[in-house]
Amino acid sequence: MIDEMTTVLEPSPLPDFVETKYVKDITNRALSYIKAGFPVHLRGPSGTGKTTLAMHLASKIERPVVMIHGDEEFSTSDLVGGEHGYRIRKVVDRFISRVLKTEEDMVKRWVDNRLTVACKYGFTLIYDEFTRSRPEANNILLSILQEKMMDLPVGRGGEEPYLKVDPDFTAIFTSNPEEYAGVHRSQDALRDRMITMDLDHFDYDTELAITQAKAKLSKQDSRIIVNIVRGLRESGKCEFAPTVRGCIMIAKTLKVQKLTPSKSTSRFMQMCRDILASETSRVGSKTNQNRVKEIIRELVAKELGIGKTINVPREADEDSNVVDTVDNKTTENRKQEKESLIEI
Ligand SMILES: Nc1ncnc2c1ncn2[C@@H]1O[C@H](COP(=O)(O)OP(=O)(O)OP(=O)(O)O)[C@@H](O)[C@H]1O
Ligand SMILES: [Mg+2]
């Protein structure tokens, strides 16, 4: 008795997906390797768009998608399937209405898991963060990728001890080389069977387009945010480089608060520091965070063209009230004056 209880995703275009030249270029390269019959492995630091790109590639392949997230606790049976409980069949015989005859029979129930389902029906497999699983759990993939055969455990039943992988089966892997906790070095034999594409942080146009698309913010305001985040990233002073997620968080917060960086400088400054200083440090070390906050202050001031005049206390600023300084108001006034001059 073989059962399937796998959630299969429809391959559909992602909402707000941005396709810049940079994204198109990686997509086309990856699709050309997939077309040639090779699994693709997208490797890169956090926030470089690996998972999103994997899903985008899957939507281009136009086959149903099964997704697995690597997990330290995984065993091969989590990928392939196993005997999950029993199926009880009950036959109630009411041939003579006053005599009730029941028959029960228990059958071991094998449930195919996602990997088996994908191989059997030729679906697209996205194995996100595959290096988080133990190498022994992933060994099953070696023959799937090379010989296009899947060894089946004895308990599954069926005539053949292996399953022939459907020719439409495609595998897309992602991994983050920067992660240490709980990560096993991806087995060399497995990596040797895939084409690895190293991703880095997005180029300027893509980061800007993603920020704008995700928050529905104006290009002008998105540009200010992206410049600040990229400036901080390039400063090289962060424990972890800020990612496009930082841009999206700031942009979305501005949007829901109906604020703009130039009209609410202090709140914008506070927001940037809250979001970016925490995103870029692991344990919240005070000295490093203060250094990062100082860099953010300089970047925000530079972007808004207001000098270092925003009244955000240098230390322990989380609990303090933040007010626009006279200097800022003067800048704001000057701006308004300028605008009215232009109107004339
Ligand atoms: N082409 C794109 N269009 C729109 N949004 C995108 C695009 N690429 C990435 N994003 C957005 O950028 C953010 C980071 O992308 P993603 O989650 O794919 O990165 P990742 O490399 O998988 O990160 P992690 O290693 O942390 O899992 C997400 O919010 C995602 O929606
Ligand atoms: Mg991811």
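For the structure, check the block above.
For every chain, the first residue of its written sequence is number 1, and the numbers climb from 1 along that sequence. Whichever chain is written first becomes A and whichever ligand is written first becomes 1, with later ones labelled in order. Local features in this predicted model are restricted to residues of pLDDT 70 or higher, and side-chain atom pairs are both shown and tallied only at a pLDDT of 80 or more, whereas totals for entire chains, interfaces and linings draw on every residue. In computing side-chain values, all of the structure's heavy atoms are included and hydrogens and water are not.

(A) Quick look at the overall build of the protein. Within the protein, the secondary structure is distributed over 13 helices and 10 strands. When accessible area is computed with a 1.4 Å probe and restricted to protein chains, residues below 20% of their type maximum are described as buried, those above 50% as exposed, and intermediate ones as partly exposed. Sorting the 344 residues of the protein into buried and exposed places 44% on the buried side. On the protein, roughly 19,100 Å² of surface is accessible, and the fraction owed to carbon and sulfur atoms is 51%. Strands are runs of DSSP state E lasting at least two residues, helices are runs of H or I lasting at least four, and both sets are numbered from the N terminus onward. Here the open area of atoms and residues is found with the Shrake-Rupley method and a 1.4 Å probe, where only the protein chains shown may cover a residue.

(B) Focus on the nonpolar core. Grouped together as the largest cluster of nonpolar side chains are 30 residues, with contacts concentrated most on Ile 225, Phe 268 and Leu 276. Listing elements by their share of this core, those giving two or more residues are α8 (204–215), α9 (219–235), α10 (244–257), α11 (265–279) and α12 (286–304). As used here, the term nonpolar core means buried Ala, Val, Leu, Ile, Met, Phe, Trp, Tyr and Cys residues forming a set that is joined through side-chain atoms within 4.5 Å.

(C) Quick peek at the packing of α10 against α11. Axes, fitted as lines to C-alpha atoms, cover a helix only where it is in contact. Angles between the N-to-C directions of the axes lie from 0 to 180 degrees. Between α10 and α11, the least distance of the axes is 10 Å, while the angle of their chain directions is 150°. Classified by the angle between their axes, α10 and α11 sit roughly antiparallel to one another. α11 is crossed by α10, and the crossing has right-handed handedness. Residues Arg 245, Gly 246, Met 249, Ile 250, Thr 253, Leu 254 and Gln 257 of α10 lie in contact with α11, whose contacting residues are Arg 267, Phe 268, Met 271, Cys 272, Ile 275, Leu 276 and Glu 279. Throughout, the ten residues Ala, Val, Leu, Ile, Met, Phe, Trp, Tyr, Cys and Pro are labelled nonpolar, Asp, Glu, Lys and Arg are labelled charged, and all others, Gly among them, are labelled polar. Within the contact of α10 with α11, the residues separate by chemical class into 8 nonpolar, 3 polar and 3 charged. For classification purposes, an angle smaller than 35 degrees is called roughly parallel, one larger than 145 roughly antiparallel, one from 65 to 115 roughly perpendicular, and anything else oblique. For a crossing to be left-handed, the near helix must be turned anticlockwise from the far one by less than a right angle; the clockwise case is right-handed. Residue contacts follow a heavy-atom distance rule, with two residues in contact if any of their heavy atoms lie within 4.5 Å.

(D) Region of interest: the packing of aromatic side chains. Pairing of aromatic rings covers Phe, Tyr and Trp, the last through its six-membered ring, and needs centres within 6.5 Å; plane angles under 30 degrees mean stacked, over 60 mean edge-to-face, and all others mean tilted. Across all of its chains, the model carries 5 aromatic pairs by this definition. Seen from their ring centres, Tyr 127 and Phe 173 are 6.0 Å apart, and the 35° between their planes marks the pair as tilted. Here Tyr 127, found in strand β6 (residues 124–128), pairs with Phe 173, found in strand β9 (residues 170–175); they are 46 residues apart in sequence, far enough to count as distant. The same class applies to Tyr 127 as to Phe 173, namely buried. Linked through ring pairs, Tyr 127, Phe 130 and Phe 173 together constitute an aromatic cluster.

(E) Up close: unusual backbone geometry. The backbone of Glu 62 sits at a positive phi, close to 60°, despite the residue not being glycine. The exposed category is assigned to Glu 62, whose relative accessible area is 63%. Phi is positive for Glu 129, which is not a glycine, with a value near 50°. Structurally, Glu 129 can be placed in the loop between β6 and α5 (135–138). A relative accessible area of 12% means that Glu 129 is categorised as buried.

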